[in-house]
Amino acid sequence: MVTETVTMMDPAGLQAIGAALAVGLTGFASAYAEKEIGTAAIGAMAENESLFGKGLILTVIPETIVIFGLVVALLML
Amino acid sequence: MRLLQKFKRGYSSDSKGNTNYAYTIPRVRAMKSKLLPKETYPRLMNMSIAEITRFIGESGYKEDVDELALTYDGVDLIEHSLNRNLSVTFRKLLNISEGEVHFLISEYLRQYDIWNIKTILRGKYCGASTKETLEAIVAGGTLTYTFLSGLAAKGSYEEVLSEFEGTEYYPILKDYNGTNLSDIENQLDKLYYAGLFAVAGGSKSKDRKLFAKFIRAGIDIKNLMILFRLKKAGITNPQMSNLMVEGGLEIEPKDIEKLMPLSFEEFIQELDSYSYWKEISDVVNPGMQSLIDVETRLKKYRLKSAASFSHVYPLSIVPIMDYMLTKQNEVNNLRIIVRGKETNLSDEVIREQLVI
């Protein structure tokens, strides 16, 4: 008699992997974008200090990417 | 950090490595925004030399004026401050750039080495004093100010030439016999452009292609100005085409061959087929007395096209080249105003010369 073992993945585990990917990948994306913008902001600020405010705001704008990732992750869990 | 940069650049420190455009370009753009705006020049025209010195001393040239105020005064102070500022600015560009762009800028700045060698030889040729020669020195290239001032202080041109032994300039300089200065100057210029093309043509990188295009557009303007001067002087000898620089974007050697034997009137008619014509058509006519208007127009066009070129390729070497050109122009304009005022030229004459 042949017995068949069926392995099943825990749906909660898959959900957790999905959530981790959502946060992790968007984290990388916003880090990359912030790196570029931050470098440019520092370059401009080195010449003109009054650009600090604008530079700071522009640098954190890509942060929204990871926030969306976080929202998606929370919805998944 | 420096060690890290060195590793990134590689040991040869020339064309290897990537350029950090995200840092360099915004910084250069911020530097460009600090240049004197167009509206400043009419104001400067109404000032005396002392007022101009003060104005410049409160603008981007503050450090230079402060430093040199102990040694020089009046027009000399402005002249030296402008030259010092120009060389400090170009050195700064070299310091904030890395990789390919750093290498290309340093090649471009060789024009100042050539300029300085020419200035010193001219100084020796006409027996100028060391002080007079130093006024025209811009240590923006690879040769340092200390080395150049040492050369300017030498007694004869032979001593100057011996200092260049072993350099790439020596094969040309060794033929200088005290009389053939224009020939040597011409050859030095050609060496400069040959060097640039050797650098730009060697690789297929985007930066080098844009660099070559930028240089070639500049050569066109230069050639046009030489042609205008030759034609105005009534020179039609095809032999004179050795004064021209080869490698222009639109005006190629075959065009030069075609334009060379023409008279001034025919030359103007022929120019109709080039894109530069629309920029200069309203100031060019067969009976024109002075070429100042045409040359100013061409220079203006060069600046304008460099600026728009830099907007087409925002993350490339072009915005840096555009900045260098604009900075050189600012310094030239200030020098024109100051020297014009010193020699009591009328405001009208000075205004004609300005490239705004």
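Calculation notes
Residues numbered from 1 in each chain as written. Chains lettered and ligands numbered in written order. Predicted model: local features only at pLDDT ≥ 70, side-chain atom pairs only at ≥ 80, totals over all residues. Helix = DSSP H or I, 4+ residues; strand = E, 2+ residues; numbered from the N terminus. Rg over C-alpha atoms; globule rule 2.2 N^0.38 Å. Buried ≥ 20, exposed ≤ 12 C-beta atoms within 10 Å, placed from the backbone. Contact = placed C-beta atoms within 7 Å. Domains from an automatic or database assignment. Nonpolar A, V, L, I, M, F, W, Y, C, P; charged D, E, K, R; others polar. Axes fitted to C-alpha atoms, helices over the stretch in contact; angles between N-to-C directions. Parallel < 35°, antiparallel > 145°, perpendicular 65-115°, else oblique. Expected span 1.5 Å × (residues − 1). pLDDT = per-residue confidence, 0-100.

So, on to the overall build of chain A. Looking only at helices and strands, one finds three helices and zero strands in chain A. Taken from N to C terminus, the helices and strands of chain A fall in the order α-α-α. For 77 residues, the compact-globule formula gives about 11 Å, and the C-alpha radius of gyration of chain A, at 21 Å, lies well above that figure. Summarising its shape, the C-alpha atoms of chain A cover approximately 80 × 20 × 10 Å along the three principal directions. Across the 77 residues in chain A, those meeting the buried criterion constitute 14%. Within chain A, counting contacts between residues at least 6 apart in sequence, those at least 24 apart form 73% of the total.

Of regular secondary structure, chain B possesses 20 helices and zero strands. For 356 residues, the compact-globule formula gives about 21 Å, and the C-alpha radius of gyration of chain B, at 21 Å, lands near that figure. Each principal axis of the C-alpha distribution contributes one length, and for chain B these read about 60 × 50 × 45 Å. Taking all contacts inside chain B whose residues are at least 6 apart in sequence as the whole, residues at least 24 apart take part in 61%.

Bringing the environment of Leu-224 of chain B into the picture now. Residues and elements named next belong to chain B. Mapped onto the elements of the fold, Leu-224 is located in helix 14 (residues 206-232). Under the C-beta neighbour-count criterion, Leu-224 is labelled buried, with 23 such atoms within 10 Å. When neighbours within four sequence positions are excluded, Leu-224 is seen to be in contact with Ile-251, Tyr-276 and Leu-298.

Residue and element names in this part refer to chain B. Here chain B is described as being made up of domain 1 (1-98 + 323-356), domain 2 (109-202) and domain 3 (204-316). Between the C-alpha centres of domain 1 and domain 3 the distance comes to 26 Å. The interface of domain 1 with domain 3 comprises eight residues on the first partner and nine residues on the second. For the side of domain 1 that touches domain 3, the secondary structure elements donating two or more residues are helix 2 (21-33), helix 19 (318-342) and helix 20 (347-353). Of all the elements, helix 19 adds the most residues to the side of domain 1 that touches domain 3, at three residues. Across the side of domain 1 that touches domain 3, the residue classes tally to four nonpolar, three polar and one charged.

Take the packing of helix 14 of chain B against helix 18 (residues 292-312) of chain B next. Two packed helices can be described by the angle between their axes and the distance between those axes. All names here are of chain B. Helix 18 packs onto helix 14 with a crossing angle of 175 degrees between their chain directions and a minimal axis gap of 10 Å. With respect to helix 18, the axis of helix 14 lies roughly antiparallel. Across from Phe-214, Ala-217, Gly-218, Ile-221, Leu-224, Met-225 and Phe-228 in helix 14, the residues of helix 18 making contact are Val-294, Glu-295, Leu-298, Arg-302, Ser-305 and Phe-309. Split by residue class, the contact of helix 14 with helix 18 holds nine nonpolar, two polar and two charged.

The next thing to look at is helix 2 of chain B. The end-to-end C-alpha separation of helix 2 of chain B is 18 Å, in line with the 18 Å expected for 13 residues at 1.5 Å each. Of the surrounding elements, those touching the buried residues of helix 2 of chain B are helix 1 (11-47) of chain A together with helix 6 (74-96), helix 7 (99-108) and helix 19 of chain B.

A few words now on the confidence of the model for chain B. All names here are of chain B. Mean pLDDT for chain B: 85, with 95% of residues reaching 70 or above. In this model, residues 9-14 is a region of pLDDT below 50 whose contacts with residues beyond four sequence positions or in other chains number seven contacts. As scored by the predictor, the complex reaches a pTM of 0.87 and an ipTM of 0.81.

A word on the environment of Tyr-157 of chain B. Residue and element names in this part refer to chain B. As for its placement among the helices and strands, Tyr-157 is situated in helix 11 (residues 157-163). Taking the C-beta count within 10 Å as the criterion, Tyr-157 has 18 such neighbours and is therefore assigned partly exposed. A sequence separation of 197 residues divides Tyr-157 from Leu-354, and the C-alpha atoms of the two residues are 34 Å apart.

Our focus in this paragraph is the packing of helix 6 of chain B against helix 19 of chain B. Residues and elements named next belong to chain B. It is at 10 Å that the axes of helix 6 and helix 19 come closest, and there the two elements cross at 175 degrees. When the interaxial angle is binned, helix 6 and helix 19 end up roughly antiparallel. The segment helix 6 lies against helix 19, with Val-75, Ile-78, Glu-79, Leu-82, Leu-86, Thr-89, Phe-90 and Leu-93 engaging Ile-320, Met-324, Lys-327, Val-331, Leu-334, Arg-335, Val-338, Arg-339 and Glu-342.

Residue and element names in this part refer to chain A. By the element assignment, Met-76 lies in helix 3 (residues 63-76). Distance in space between the C-alpha atoms of Met-76 and Ala-16 is 8.0 Å, their sequence separation being 60 residues. Met-76 has contacts with Gln-15, Gly-18, Ala-19 and Ala-22, leaving out every residue within four places of it along the chain.

Right, let's get into unusual backbone geometry. Residue and element names in this part refer to chain B. The backbone of Asn-344 sits at a positive phi, close to 55 degrees, despite the residue not being glycine. For Asn-344, the position within the fold is in the loop between helix 19 and helix 20. Of the residues examined, Asn-344 has 6 C-beta atoms within 10 Å and is grouped as exposed.

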